[in-house]
Structures are given as structure tokens and as C-alpha cells.
Amino acid sequence: DSLLTRVKGLEPFTIPSIFSSTIIKRTPNEKVGLAFRKLTGTVVIEKIVPGSPFDGTALRPGFECLSINGHRLRSARRAAEIVRESGSSLVLVASNAPRPPGTMYTMISLKDHRHSSGASSMSLGRDSVVGMYFEMKHGLVQMVKMDRD
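Residues numbered from 1 in each chain as written. Predicted model: local features only at pLDDT ≥ 70, side-chain atom pairs only at ≥ 80, totals over all residues. Heavy atoms only, no water.

A. Region of the structure containing the overall build of the protein. Helix and strand content of the protein: 2 helices and 9 strands. Along the protein, from the amino end to the carboxyl end, the secondary structure elements read α-β-β-β-β-β-α-β-β-β-β. Residues classed as buried in the protein amount to 30% of the 149 residues present. Sequence separation of at least 24 residues holds for 49% of the intrachain contacts in the protein that already meet a minimum separation of 6. (Helix = DSSP H or I, 4+ residues; strand = E, 2+ residues; numbered from the N terminus. Buried < 20%, exposed > 50% of the residue type's maximum accessible area, 1.4 Å probe, protein only. Contact = heavy atoms within 4.5 Å.)

Following this line, the structure appears as C-alpha cells:
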């Protein structure tokens, strides 16, 4: 009997990989060849037109679209609007697998703060967001400390 069968509600899942693809539009009105749809509360890439700017990138139909140019997505319509209204470049961040049960994605920026003044944890190259301190270890972001207040 495996541990998974003895723990009620625990199902195996795939840990998603996150992909970021950037394209430069030749003109502000250039079509980028993406179609989106809403699927179980997420926005997914429905189609990538062959020969379009995103064709040949790491993105694939079925990937969950997490953000476009830093904007979180709540609807396929909003995704299409952001693409249409974008200037010359487009950065699309997507996940290749369904989210593990009960999880959500949070985008944080890890910056090198060694040359800035501030708390000692910042001088070690860590980043903080509202009392949470993060560090990059083995290609993953790990929370290393959390303030109690």
C-alpha cells in the first residue's frame, strides 16, 4: 500500500515548468498568431498559427497563460486585448501543466541588492516582499525567512 492511497485527497500531480517567450513586433498592428480560451478558471493558449511570431517558441497550445507583458490574465478576451494594445514587444509567461491542487502562481522579482543600503538580508542578494525573504537556490525560488508581524 503506497502513502498516496492512504492519505485521503492526496493525488499525484506534475510539477509545472514555467516558460517565458518574448517576440518583437515588426509593426504595432502586427498579428502575433495566438488564440486564447478560458478553461476551468484559467486562460490557455488555444492556437499558435504556423509561421507567426510565436511559432517555434517554447509555447504550445494547451499551456496556461499566466501573464502578458506583466499583466495577470483573468479572461481570454483580456489576453487578446493586451496583445492587441501592446507596443513593439510582447512577453508571454505560460505553464505547461495544470496547477497542482490548491495552488496559485505568484510572480516575484529577485534582484541583486548587494550595492544598495538596507537590511542585512538584502545585502546577501536576497529579495523581500512584505516581510517575506526569498533566495534563488538550484534554479528555484525559496522563501528563507518570514517576519512575524
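B. Looking closely at the environment of F19. Mapped onto the secondary structure, F19 falls in strand 1 (residues 18-24). A C-alpha to C-alpha distance of 6.2 Å links F19 and S95, two positions 76 residues apart in sequence.

C. The arrangement of unusual backbone geometry in detail. One non-glycine residue with positive phi stands out, namely T40, at about 45°. As for its placement among the helices and strands, T40 is situated in the loop between strand 2 (34-39) and strand 3 (42-48). Positive phi outside glycine occurs at N69, with the angle close to 50°. Within the secondary structure layout, N69 lies in the loop between strand 4 (64-68) and strand 5 (71-72). Using a relative accessible area of 30% as the deciding quantity, one classes N69 as partly exposed.

D. A look at the side chain of S52. By the element assignment, S52 lies in the loop between strand 3 and strand 4. On the basis of relative accessibility, which here comes to 11%, the residue S52 falls in the buried class. Of note is the side chain of S52, whose polar atom sits 3.4 Å from the backbone oxygen of V32. (Polar contact = N/O pair within 3.5 Å; in protein donor to acceptor, adjacent residues only side chain to side chain.)

E. Structural detail: the nonpolar core. Core analysis: the biggest nonpolar cluster contains 20 residues, and L34, F36, I45, F54, L59, I68 and L92 have the highest contact counts within it. Taken together, the elements giving at least two residues each to this core come down to strand 2, strand 3, strand 4, helix 2 (76-85) and strand 6 (89-95). Looking at this core, the element that brings in the most residues is helix 2, giving 4 residues. Here L34 is in contact with I45, K47, I48, F54 and L92, once residues within four sequence places are set aside. (Core = buried A, V, L, I, M, F, W, Y, C linked by side-chain atoms within 4.5 Å.)

F. Representation of helix 2 in the model. Listed in full, the buried residues belonging to helix 2 are A76, A79, I82 and V83. For helix 2, the buried positions fall inside an angular range of 120° around the axis, keeping them on one side. Residues of helix 2 that are exposed and point over 90 degrees away from its buried face: R77, R84 and E85. The elements touched by buried residues of helix 2 are strand 2, strand 3, strand 4, strand 5 and strand 6. (Arc of directions from axis to C-beta.)

G. Molecular detail of the side chain of T57. Mapped onto the secondary structure, T57 falls in the loop between strand 3 and strand 4. Taking relative accessible area as the criterion, T57 reaches 16% and is therefore assigned buried. At 2.8 Å, the side chain of T57 and the backbone oxygen of F54 are in polar contact.

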